[in-house]
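# Remarks on the overall topology
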Amino acid sequence: SQQGEEDPQALSIQEGENATMNCSYKTSINNLQWYRQNSGRGLVHLILIRSNEREKHSGRLRVTLDTSKKSSSLLITASRAADTASYFCASHSGTYKYIFGTGTRLKVLA
Amino acid sequence: DVKVTQSSRYLVKRTGEKVFLECVQDMDHENMFWYRQDPGLGLRLIYFSYDVKMKEKGDIPEGYSVSREKKERFSLILESASTNQTSMYLCASSLRTSRGGEQFFGPGTRLTVL
């Protein structure tokens, strides 16, 4: 399968805690992106990290990229109930194709 | 703000029917995509279009066709719907770039084939 993999598949945490999810991909990439999907809706772009970057921040989001291990992680700090959603990574390798991971379902309990 | 709209949020069709899913974007994006999303499988690319009348097959094009007569509109056609095409269908658009920029997604169409 070309699909990327994410772990954990599901994560349940208390409001205020940090949430970490991981993504692995299979080919060399130009960039890796993270998207959020609220239940039954379309995906919303969160952050893009290029292959020559190792870490990137956006608000409460921190993304790391390790190209030697073909992996990335997304950290959401001080989580809120509104962060409850599914999170997907998508790797892009220079063609038109984006390879999406299978997603992590995050539940933040108030 | 980029807006990508899809013609229906929910659709119920019968086996053998011809089904049209429409997608419209308002930001003059060159690239448009159709994905299907199934539990445990993530998003899989059905078709991609990089310009008017241009299309490329994705990973799972069997049973589907597409049409792009205008830049803003990309249609997905199920020639003869089958129960295994019951799924969530997502349309996306992006600027033409070899560096793979952000994709903008529509709200999705949940199709049920009976």
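Just so it is clear, the structure is predicted and the values come from calculations on it, not from any experiment.

### Quick word on the overall build of chain B
If you tally the helices and strands in chain B, you get 0 helices and 11 strands. The C-alpha radius of gyration computed for chain B amounts to 13 Å, which stays within 12% of the reference 13 Å derived for 114 residues, consistent with globular compactness. Over its C-alpha atoms, taken along the principal directions, chain B stretches across nearly 40 × 30 × 25 Å. Across the 114 residues in chain B, those meeting the buried criterion constitute 48%. Sequence separation of 24 or more characterises 56% of the internal contacts of chain B that already satisfy a separation of 6 or more. A gap of 4 Å separates the mean positions of the 17 positive and 15 negative side-chain charges of chain B.

### Some remarks on unusual backbone geometry
Look at the link from Asp7(A) to Pro8(A): it is a cis peptide, with omega at -5°. In this structure, Lys70(A) takes a positive phi of about 50° despite not being glycine. Note on placement: Lys70(A) falls in the loop between β7 (61-66) and β8 (71-76). Here the phi dihedral of Asp28(B) falls at roughly 60°; this positive angle occurs in a residue that is not glycine. Tracing the backbone shows Asp28(B) in the loop between β3 (19-25) and β4 (31-38).

### A few points about the side chain of Asn31(A)
The residue Asn31(A) is located in strand β4 (residues 31-37) in this model. Within polar-contact distance, the side chain of Asn31(A) engages the side chain of Gln33(A) at 3.1 Å.

### What about the interface of chain A and chain B?
Between chain A and chain B, the residue contacts involve 23 residues of the former and 27 residues of the latter. For the chain A and chain B pair, buried surface summed over both sides reaches about 2,000 Å², with 49% attributable to carbon and sulfur atoms. The interface formed by chain A and chain B holds 1 salt bridge in total. With its nearest N and O atoms 2.5 Å apart, the salt bridge here joins Asp59(B) to Lys97(A).

### Thoughts on the environment of Met32(B)
Mapped onto the fold, Met32(B) is located in strand β4. For the pair formed by Met32(B) and Gly42(B), sequence separation is 10 residues and the distance between their alpha carbons is 18 Å.

### Quick word on the sheet that holds strand β1 (residues 5-7) of chain A
Residues and elements named next belong to chain A. Spatially, β1-β3-β8-β7-β6 is the arrangement adopted by the 5 strands of the open sheet, whose pairing is antiparallel. Of all the strands in the sheet, just β1 and β6 (55-58) have a single pairing partner and so form its edges. When the angles between neighbouring strand axes are averaged without regard to direction, this sheet yields 15°.

### Thoughts on the confidence of the model for chain A
Per-residue confidence for chain A gives a mean pLDDT of 92; residues scoring 70 or more make up 97%. The spread of mean pLDDT over the elements of chain A runs between β1(A), the lowest at 84, and β7(A), the highest at 98.

### Focus: the sheet that holds strand β7 (residues 64-70) of chain B
All names here are of chain B. Read across the sheet, 4 strands follow the order β1-β3-β8-β7 without closing on themselves; strand pairing throughout is antiparallel. Two strands close off the open sheet at either side, each with one partner strand: β1 (4-6) and β7. In this sheet, adjacent strand axes meet at a mean angle of 20° when their direction is disregarded. Pairing geometry for β1 and β3, over 3 bridges, is antiparallel. Opposite Gln 6, over in β3, you have Cys 23 as the bridge partner.

### Quick look at the packing of aromatic side chains
If you walk through the whole model with that rule in mind, you get 10 aromatic pairs over all chains. Ring geometry for Phe33(B) against Phe48(B): centres 4.9 Å apart, planes inclined by 35°, an arrangement best described as tilted. Pair noted here: Phe33(B) is in strand β4 and Phe48(B) is in strand β5 (residues 42-51), with a separation of 15 residues, a long-range link. Judged by relative accessible area, Phe33(B) falls into the buried class, the value being 0%. Pairwise contacts between aromatic rings join Tyr35(A), Tyr98(A), Phe100(A), Phe33(B), Tyr35(B), Phe48(B), Tyr50(B) and Phe105(B) into one cluster.

Reading the values: rules and limits
- Residues numbered from 1 in each chain as written.
- Chains lettered and ligands numbered in written order.
- Predicted model: local features only at pLDDT ≥ 70, side-chain atom pairs only at ≥ 80, totals over all residues.
- Heavy atoms only, no water.
- Helix = DSSP H or I, 4+ residues; strand = E, 2+ residues; numbered from the N terminus.
- Rg over C-alpha atoms; globule rule 2.2 N^0.38 Å.
- Buried < 20%, exposed > 50% of the residue type's maximum accessible area, 1.4 Å probe, protein only.
- Contact = heavy atoms within 4.5 Å.
- Lys, Arg positive; Asp, Glu negative; His and termini not counted.
- Charge placed at Lys NZ, Arg CZ, Asp CG, Glu CD.
- Polar contact = N/O pair within 3.5 Å; in protein donor to acceptor, adjacent residues only side chain to side chain.
- Buried area = accessible area lost by both parts, 1.4 Å probe.
- Salt bridge = Lys/Arg side-chain N within 4 Å of Asp/Glu carboxyl O.
- Pairing = 2+ DSSP bridges.
- Axes fitted to C-alpha atoms, helices over the stretch in contact; angles between N-to-C directions.
- pLDDT = per-residue confidence, 0-100.
- Phe/Tyr/Trp six-rings, centres within 6.5 Å; stacked < 30°, edge-to-face > 60°.

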